[in-house]
Amino acid sequence: MTDSTEPALTPAATRAAPPATSIPRLIVVLACAGFGSTFALRSVEPLVGVLARDLASDAHTVALLSTAFALPYAFIQPVLGPIGDALGKERVMSTCLAVLAVALTLCSVAPDIGSLFGLRMLAGAAAGGCIPLSLALLGDRVPMESRQVAIGRFLVAVILGQLSGSTFAGLIEAAIGWRGVFAVTAAVAAFACAATVFGFDRAGRPAARRPAFGEAVTRYRTILRNPRARVLFSAVFIEAIAIFGVFPHLAPLIEARGEGGPREAGLVLAGFAVGGLAYSALVGLLVRLLGLPRMLIGGGLICGASLTVVGLAGTWQVDCAALTAMGLGFYMLHNTYQTQVTEVAPTARASAVALHAFSFFCGQALGVAVIGQALLRFGQLGALAGCAVTILALGIGTAIALRQKPAPVAFPG
């Protein structure tokens, strides 16, 4: 698979850079798309207890609504890559946001838990067309030396979407109900769709062509033969299980120990996004002071310590503080992986980013079930201590594995 605006084998260094004035505009539009797609992602997690009662279902089953969103998000990636290259990344993003808005509107009137699961799956598949393609566009247009900072700035919108989505759902559910929460997420997605339809610069946009799925499969295989790519894809898979697997279970855990309901769960989850915003504000300084190895080791240490604190099952305020620290540590890890993956295959960035997103969201989908079983078998401290050890080992291991300068994938001529 190739980038839609470049020949398949054009070296990245020889590509013509877009006019400087187009980059700020691009980032603003991508920010709107990123915000709209992530606002709905975390909004369901504070509502697990409420949905379980209203729809007469078990809380652990309702928690799998996060899996219903993440799994289609993952599996749509290998398909959206070649489609984005053929039709244009901007066109695909606008279409996906339109489908997301429709799916979320239907979620607001879902009659039962089965219908809600199906609609969340459709919403997850549609949301999958936003952030990965945004990263690919930033990889195309921003030089490697400043790319981690640029992606970090873009992540502000993504994190704000998570923050406001989870916080809004927890705080406003009592006033407008869970159906009203879904209706608002649909309106936000519709706004993001409008921003992409009218905001992208259409000048010089290539004509649509037929997707080359056969060529895409060959490119995926070539990328996967690169050891560095395998390290990065495995890292985000493990990272997603260890970090995000507990998120949908937080609301029932907080409620079970008498600490509150959707409001408190929403505020705890908001802490993670606040930590992400702190990372976005500090990313330039962190990159200069720490460099890649210490960034990864530091992120692993912070996440491991935070998970241990949550495992001790203190007050919801302590959980909120721990998740704030964990948000900082997570993005120290994840933003480094994101930046590195954009340089694995410079002439096929959309392919590399698609596989990255596939791995990450497979981990998120699997993590909900894995951590749910671990909580039942080992309890809160045992399950999260295991996650803490895993994420610390991941940070140290990838710091060692990624020290060498990347060797970009070479595709056969």
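Conventions we followed
Residues numbered from 1 in each chain as written. Predicted model: local features only at pLDDT ≥ 70, side-chain atom pairs only at ≥ 80, totals over all residues. Heavy atoms only, no water. Patch = residues over 30% accessible without salt bridge, like charges linked within 9 Å, V, L, I, M, F, W, Y side chains within 5 Å. Areas by Shrake-Rupley, 256 points an atom, 1.4 Å probe, with all protein chains shown as cover. Salt bridge = Lys/Arg side-chain N within 4 Å of Asp/Glu carboxyl O. Helix = DSSP H or I, 4+ residues; strand = E, 2+ residues; numbered from the N terminus. Buried < 20%, exposed > 50% of the residue type's maximum accessible area, 1.4 Å probe, protein only. Contact = heavy atoms within 4.5 Å. 1 Å grid on protein atoms, 1.4 Å probe; cavity = no way out; pocket = protein on both sides within 12 Å on 5 of 7 lines; lining within 4 Å. Points joined across faces, edges and corners; volume = space filled by probe spheres on them. Expected span 1.5 Å × (residues − 1). Bend = angle between axes of the 7 residues up to and from the residue.

*Asks:* Help me understand a nonpolar patch on the surface in this model?
*Replies:* Taken together, the side chains of Ile297, Leu301, Ile396 and Ile400 present a nonpolar region at the surface, about 330 Å² in accessible area. Looking at the nonpolar patch, the elements with two or more residues in it are α13 (262–311) and α15 (349–401). You can see Ile396 is positioned in helix α15. The exposure class assigned to Ile396 is partly exposed, which follows from its relative accessible area of 37%.

*Asks:* How should the environment of Leu133 be read in this particular structure?
*Replies:* Among the structural elements, Leu133 can be located in helix α8 (residues 131–141). Accessibility expressed as a relative area gives 5% for Leu133, which makes it buried. Contact partners of Leu133, with chain neighbours within four places excluded, come to Lys89, Val92 and Met93.

*Asks:* I'm lost on the layout of surface pockets in this one. Help?
*Replies:* In this approach the atoms are scanned with a rolling probe the size of a water molecule, which exposes any empty space left behind. Approximately 200 Å³ is the volume attributed to the second largest pocket. Considering the residues around the second largest pocket, the lining is formed by 13 residues, among which Gln148, Val287, Leu292, Thr339 and Gln340 are closest to the centre. Of all the secondary-structure elements, those providing two or more residues to the lining of the second largest pocket are α9 (144–199), α13 and α14 (316–341). Counting residues per element, the lining of the second largest pocket draws most heavily on α9, at 6 residues.

*Asks:* What's the story with the pattern of salt bridges in this structure? I'm lost.
*Replies:* Opposite charge on two side chains lets them pair, provided their charged atoms get close. All chains considered together, the criterion is met by 4 salt bridges. Linking Arg219 and Glu215 is a salt bridge whose minimum nitrogen-to-oxygen distance equals 3.3 Å. One end of the pair is Arg219 and the other is Glu215, both in helix α10 (residues 213–224) and 4 residues apart, which spans about a single turn. By relative accessible area, which is 5% here, Arg219 ends up buried.

*Asks:* Would you mind showing me how to read α13 here?
*Replies:* An α-helical turn contains 3.6 residues, so a residue and the one three or four places further along point in the same direction. End to end, α13 covers just 19 Å across 50 residues, shorter than the expected 74 Å (1.5 Å per residue, more than 12% under). Taking the largest bend as the criterion, α13 deviates by roughly 105°, centred on Gly291, and proline Pro293 comes between one and four positions later. Following α13 by one or two positions, Ala313 has its phi on the positive side, about 55°.

Interpretation note: all reported values are geometric properties and have no functional meaning in isolation.
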